[in-house]
Amino acid sequence: MLNILLRYTNLIIITLFILSLLSFALAYLFPGDPIEIMTGLKLEELQKLQNQSVNIGYDPEGGVLSQYGHYMSELFSGNWGVSFNSGQPLYEEIMQSLPASIELSAYALTISLILGLPLGFIAALRHHKLPDYTLLSFSVVGYSIPVFWLALILILVFSLHFGWLPLSGRLSLIFDVPNKTGFILIDILMSDIDNKHAVLLDALRHLILPTLSIAIVTTTLILRITRRSVIETLNSEFIQAAYARGLTTRQVLVRHGIRNALIPILPLLAMQFPTLLTNAMIVETIFSWPGIGSWLIQAIYQQDYSAIQAGMLAVSVFVVLFTMSIDMLLRLTDPKRKKVERGTI
Amino acid sequence: MARFNLYQEEQHPSPLQYTWLEFQKNHIAMGGLVCLVLFILITVFCPLLAPFDPNLQKTGNILVPPSWDANGGITHIFGTDGLGRDILSRVLYGCRMTFGISILLVVFALLVGVGLGAIAGMSKGFRSSFLNHTLDSIQAIPTILIAIIIIAILGTGLVNSMWAIVLALIPQFVHQTRDFVRSELSKEYVMAARLDGASKIQLFARSILPNMGETLVMQATLALSISILDISALGFLNLGAQAPSSELGALLSQGIEVAYIAPWNIALPGGALFLMVVSVNIVGDGLRSALKNRLLH
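Residues numbered from 1 in each chain as written. Chains lettered and ligands numbered in written order. Predicted model: local features only at pLDDT ≥ 70, side-chain atom pairs only at ≥ 80, totals over all residues. Heavy atoms only, no water.

With that out of the way, let us pick up the overall build of chain B. Assigned secondary structure in chain B consists of 10 helices and zero strands. Counting from the amino terminus, helix and strand elements in chain B follow one another as α-α-α-α-α-α-α-α-α-α. Looking at chain B residue by residue over its 297 residues, the buried ones come to 52%. If you take every contact in chain B between residues at least 6 apart in sequence, the share linking residues at least 24 apart comes to 70%. When the accessible surface of chain B is totalled, it reaches about 14700 Å², and 67% of it is carbon and sulfur. Looking at charge distribution, chain B has the averaged site of its 17 positive side-chain charges lying 8 Å from that of its 17 negative ones. (Helix = DSSP H or I, 4+ residues; strand = E, 2+ residues; numbered from the N terminus. Buried < 20%, exposed > 50% of the residue type's maximum accessible area, 1.4 Å probe, protein only. Contact = heavy atoms within 4.5 Å. Areas by Shrake-Rupley, 256 points an atom, 1.4 Å probe, with all protein chains shown as cover. Lys, Arg positive; Asp, Glu negative; His and termini not counted. Charge placed at Lys NZ, Arg CZ, Asp CG, Glu CD.)

With that out of the way, let us pick up the packing of helix α3 (residues 87–122) of chain B against helix α10 (residues 264–294) of chain B. A pair of packed helices can be characterised by two numbers: the angle between their axes and the separation between those axes. Residues and elements named next belong to chain B. The geometry of α3 relative to α10 is characterised by a closest axis approach of 10 Å and an angle of 35 degrees between their N-to-C directions. In the packing of α3 onto α10, the handedness of the crossing is right-handed. On the side of α3, the interface is formed by I87, V91, C95, T98 and F99, while α10 contributes W264, N265, L268, P269, A272, L273, M276 and V280. The class makeup of the residues in the contact of α3 with α10 is 11 nonpolar, two polar and no charged. (Axes fitted to C-alpha atoms, helices over the stretch in contact; angles between N-to-C directions. Left-handed = near helix turned anticlockwise from the far one by under 90°. Nonpolar A, V, L, I, M, F, W, Y, C, P; charged D, E, K, R; others polar.)

Before going further, it helps to spend a moment on the interface of chain B and chain A. Facing 42 residues of chain B, the contacting portion of chain A comprises 38 residues. Between chain B and chain A, roughly 3600 Å² of surface is buried when both sides are summed, and carbon and sulfur atoms account for 76% of that area. Linking chain B with chain A are one salt bridge, by the criterion used here. Among the salt bridges present, the one from D285(B) reaches R224(A), with a minimum N-O distance of 3.2 Å. (Buried area = accessible area lost by both parts, 1.4 Å probe. Salt bridge = Lys/Arg side-chain N within 4 Å of Asp/Glu carboxyl O.)

Reading fine detail from the predicted coordinates is not recommended where pLDDT is low. Here chain A averages 83 in pLDDT, and 93% of its residues register 70 or above. Long-range and interchain partners of residues 340–345 of chain A, a stretch whose pLDDT sits below 50, account for 20 contacts in this model, where long-range means more than four residues apart. (pLDDT = per-residue confidence, 0-100.)

Attention now moves to helix α5 (residues 143–154) of chain B. Across its 12 residues, α5(B) extends 16 Å between first and last C-alpha, which sits within 8% of the 16 Å expected from 1.5 Å per residue. The buried fraction of α5(B) is high, at nine of 12 residues. Along α5(B), the positions that sit buried rather than exposed are T143(B), I144(B), L145(B), I146(B), A147(B), I148(B), I150(B), I151(B) and A152(B). Contacts from the buried residues of α5(B) go to α13 (273–287), α14 (292–301) and α15 (305–333) of chain A together with α4 (126–140), α6 (158–185) and α8 (200–236) of chain B. Once α5(B) ends, the next one or two residues include G155(B), with phi positive near 95 degrees. (Expected span 1.5 Å × (residues − 1).)

Here it is as structure tokens:
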């Protein structure tokens, strides 16, 4: 146990170190002056600050190593530079948009799990029968649908044609909710504004379409993974042994089937995390959801290299921490698991 | 089909024939295959099929509805867009671009991935574990992030977005190859070849590679669907193919401007894209179950 924890901590630290090196290198790879990209300030402004004897650690003569040291110390003190375009501190911008993305993906993932797992079980238990074929064809359709097209169609139908749901954003402009955690629903519940119910309803109405566009694709992925895993489990020998002992189908499922089928699902789900994030980023752009995905894509359009550098680092650190902790959790809970398993959906 | 057999000899189909026989039994998969062949034909013979030049602008025929609409005409079967360009031609050229490029990318990723996977599978120790960790970290990063970095360094454009997708596709081929090579290396036919004095390269090329073909084809179909979705997504976000080009994702993003008054501008390119991915996925699924059922014989 301790051994595994130590190994993973080690791995995480090394990976984060490599990521920081890569991020530092990006400043040299992007077009423009490295110091401008790292700080987001123009060279003249930096020199002006230096002349005013403000100690900003600007040392153009220092070697790459000392530059990296300064870069890291600034990163850890929360000073991530400012955006080329807006001039706002990047740390605050990222800390506002990252929760919005996490919120959207979390709701989508929850809905997909609630729908996908039971449907996967139903399909597997009725293997090679009508429900299985129906669900499987539904899953092929959902899994092949381009998420941006789906989002556009949903907008066309539900926002423009019927006018039931709002087109974009997180909240109507008439409401003003103070930003505390960055998670809109939590913010609303924590705040003490009038008409809390109306605001909450409005936020939920804004959430429906983006969540649905991500959830449809993710649900089908989960359905396929679950179905495959359950079928494989039900074909294994200990299930036959359970039947041979005279247990009913229900008993076999509850005592042996479900738990063993769920074990291989989680690592496969974790492998789909990048897909979920990619879809979330695309959907954010379409619905003008103020998350990290649309923020990064805006930064690309505006060639805001300081923002791209900081945003990349934040997102990749988040992804690495998330995947590695899930991996570690799996290693700790499943003794059979020796190595990272890879499978297909 | 039961056929009268004059001779008493038993026929043993080759593994490839078995796969085909199994595949044929699955009617949906056959439908997908027909669709896929259709897309390949479009990719190859696109200039012959398209009625107009995809960039020809007819200022007199702006936003003509498709022919099944009451106001539509027969000249433009799928209607025209905001600049009076024929949508059928644009969709056909778009299919060619998206599908052709995706196939190229998959083939490239397959070659590189199988090469690296072979090295990782045949070698032990540091080299293989270094490769594993690097690939795992690449695989954990969403394609769109890789694309954003590459595009930020090199600038937007179709070719730059292609690099990003290749980079994202390679790891799965490496894993597949490495796992396969590992499991085959312990089998006896490989041992026999090794006892005959075959070198590592010969072992891989003569003994292992021929057995890997079908699994690789299956993996390639999966990669193809991912590649199609990714390249069109980047085109849609204006990070890949740029505006006048008729790549399907770029077509969709151009259609947004007139989406409300002319919904066929996004419905038809998206539908073509959807059909393409569905057919690739159905063929991949069919192949996978055919391979699995073949082993049951």
